Amino acid sequence: MGGVSDDEKRPNMPAAAANMKYVSLAFLIFQNATLILSMKYARNKEGDQFFATVAVVTAELLKLTTSLTIMLVEKKGNVKDWLSYLHQNIILQPLDTMKVFIPAIIYMIQNNLLYIAVSNLPAATFQVTYQLKILTTAMFSVFMLGRSLSKLQWGSMLLLFIGVATVQVEVQSSSANPTSPTQQNAFLGLAAVIVSCLSSGFAGVYFEKILKGSKCSVWMRNVQLSLFGVVTGIIGVLTKDGTQVVEKGFFFGFSPLVVFIVSNQAFGGLLVALVIKYADNILKGFATSVSIIISTIFSALFLGFHISTMFIIGATLVITAVYLYSLPKPEPSLPRTT
């Protein structure tokens, strides 16, 4: 092939990677902030309400379609090779495929819990509290993957817990927001966030362990996850909203805003993969911190959220903890020679 040599390409690679790093970071900030704000607005506005279970299934279908399309592109559009690859890795290896069944169920439950949490907590409070997933992920990483945490990371997790507790004391002691057209249950919202963080931490670490223990590609694992996610999600729709879905229709209450939420949720995981590839944990932590600030500002301006002193203290502790946790672990010092 008479293309450009590797040596000629190499000088442009750092600049391209740097550009992708900040582009992916900007998109991650946008995704983190807009997803929660749009979910909060959609679930608390007056009028016809869409079924959260249907939104979760639709997001899984979109992720499945996207992953299949990317794999087809990797096969250079050769449908025969694409179908053969799917058949070989899904149908002919049922035990390997079943490995993702557990995280698929957990992710489905987690995504449904997010709607419960957002419906019962202010968007900014949810953003702060949801950072507990850092703590749960770290703990599961220690027990399931044998990872070690630095003293700074242990300290940051303690700081994170104190910050979230401070915010929740404020939420539990305050009355329901009078400007909200729907009644909120702060305790139910907190319970949903905690269970969601636990499930997120376990499923994420379990999925990472599966990826590292097999030769299966990330996109194939995403296809397997989405397949199980669609099946279990449909069961969830039939169990929770089956009668109403039959009466009102599968996409009842769907609007351009709901379509945006579903798309945002579906592509969020792919976006995180992009950030991990081109950025690092520090920038990812920075994106989380900026998202909390943006959510707080927009919640105060447009969703009637009151920014109290306790919230500011708690949010500051959480943002600091996220930053400290994302710092690289110090390398062990070499023994001094005389």
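Residues numbered from 1 in each chain as written. Predicted model: local features only at pLDDT ≥ 70, side-chain atom pairs only at ≥ 80, totals over all residues. Heavy atoms only, no water.

Asks: Before we go on, may I ask you to explain the overall build of the protein in this structure?
Replies: Along the protein, the regular secondary structure elements total 14 helices and 0 strands. For the protein, the N- to C-terminal ordering of α and β elements is α-α-α-α-α-α-α-α-α-α-α-α-α-α. Evaluated residue by residue, the protein yields a buried proportion of 43% over its 338 residues. Summarising the internal contacts of the protein: among those between residues at least 6 apart in sequence, 86% fall at separations of at least 24. Looking at the protein as shown, the accessible area adds up to about 18300 Å², and 68% of this sits on carbon and sulfur atoms. (Helix = DSSP H or I, 4+ residues; strand = E, 2+ residues; numbered from the N terminus. Buried < 20%, exposed > 50% of the residue type's maximum accessible area, 1.4 Å probe, protein only. Contact = heavy atoms within 4.5 Å. Areas by Shrake-Rupley, 256 points an atom, 1.4 Å probe, with all protein chains shown as cover.)

Asks: What's the story with the side chain of Thr 129 in this structure? I'm lost.
Replies: For Thr 129, the position within the fold is in helix α7 (residues 123-129). A relative accessible area of 0% means that Thr 129 is categorised as buried. Of the polar contacts made by the side chain of Thr 129, one reaches the side chain of Gln 168; its length is 2.7 Å. With near-sequence residues (within four places) excluded, Thr 129 lies in contact with Val 164, Gln 168, Leu 190, Val 193 and Cys 197. (Polar contact = N/O pair within 3.5 Å; in protein donor to acceptor, adjacent residues only side chain to side chain.)

Asks: Hey, could you run me through the pattern of salt bridges in this one?
Replies: Side chains bearing opposite charge may pair, as long as their charged atoms lie close to each other. According to the stated counting rule, one finds 4 salt bridges in the structure shown. Two residues, Lys 63 and Glu 60, come together in a salt bridge whose shortest N-O distance is 3.0 Å. Here Glu 60 and Lys 63 lie together in helix α3 (residues 52-74), a separation of 3 residues that amounts to about one turn. Connected through shared salt-bridge partners, Asp 96, Lys 99 and Arg 221 make up one network. (Salt bridge = Lys/Arg side-chain N within 4 Å of Asp/Glu carboxyl O.)

Asks: Honestly, the packing of helix α4 (residues 79-91) against helix α11 (residues 218-248) in this entry has me stumped. Any pointers?
Replies: Relative placement of two packed helices is described by the angle separating their axes and the distance separating the axes. Remark: α4 packs on α11, axes separated minimally by 11 Å, with the N-to-C direction vectors making an angle of 65 degrees. Read as a crossing pair, α4 and α11 show a hand that is right-handed. Here Tyr 85, Leu 86, Asn 89 and Ile 90 of α4 come into contact with α11, specifically with Met 220, Val 223, Gln 224 and Leu 227. Of the residues belonging to the contact of α4 with α11, the class tally is 6 nonpolar, 2 polar and no charged. (Axes fitted to C-alpha atoms, helices over the stretch in contact; angles between N-to-C directions. Left-handed = near helix turned anticlockwise from the far one by under 90°. Nonpolar A, V, L, I, M, F, W, Y, C, P; charged D, E, K, R; others polar.)

Asks: What exactly am I supposed to notice about the nonpolar core here?
Replies: Side chains of nonpolar character tend, in soluble globular proteins, to be buried together. Counting 42 residues, the largest nonpolar core has Met 39, Tyr 115, Phe 126, Val 128, Val 193, Phe 311 and Val 318 as its most contacted members. Per-element accounting of this core gives the leading share, 6 residues, to helix α6 (residues 101-120). Discounting chain neighbours no more than four positions away, the residues touching Phe 311 are Ala 124, Thr 125, Val 128, Val 167, Thr 296 and Phe 305. Counting residues in each nonpolar core, the second largest holds 8 residues, with Leu 64, Met 71, Ile 90 and Met 220 among its members. (Core = buried A, V, L, I, M, F, W, Y, C linked by side-chain atoms within 4.5 Å.)

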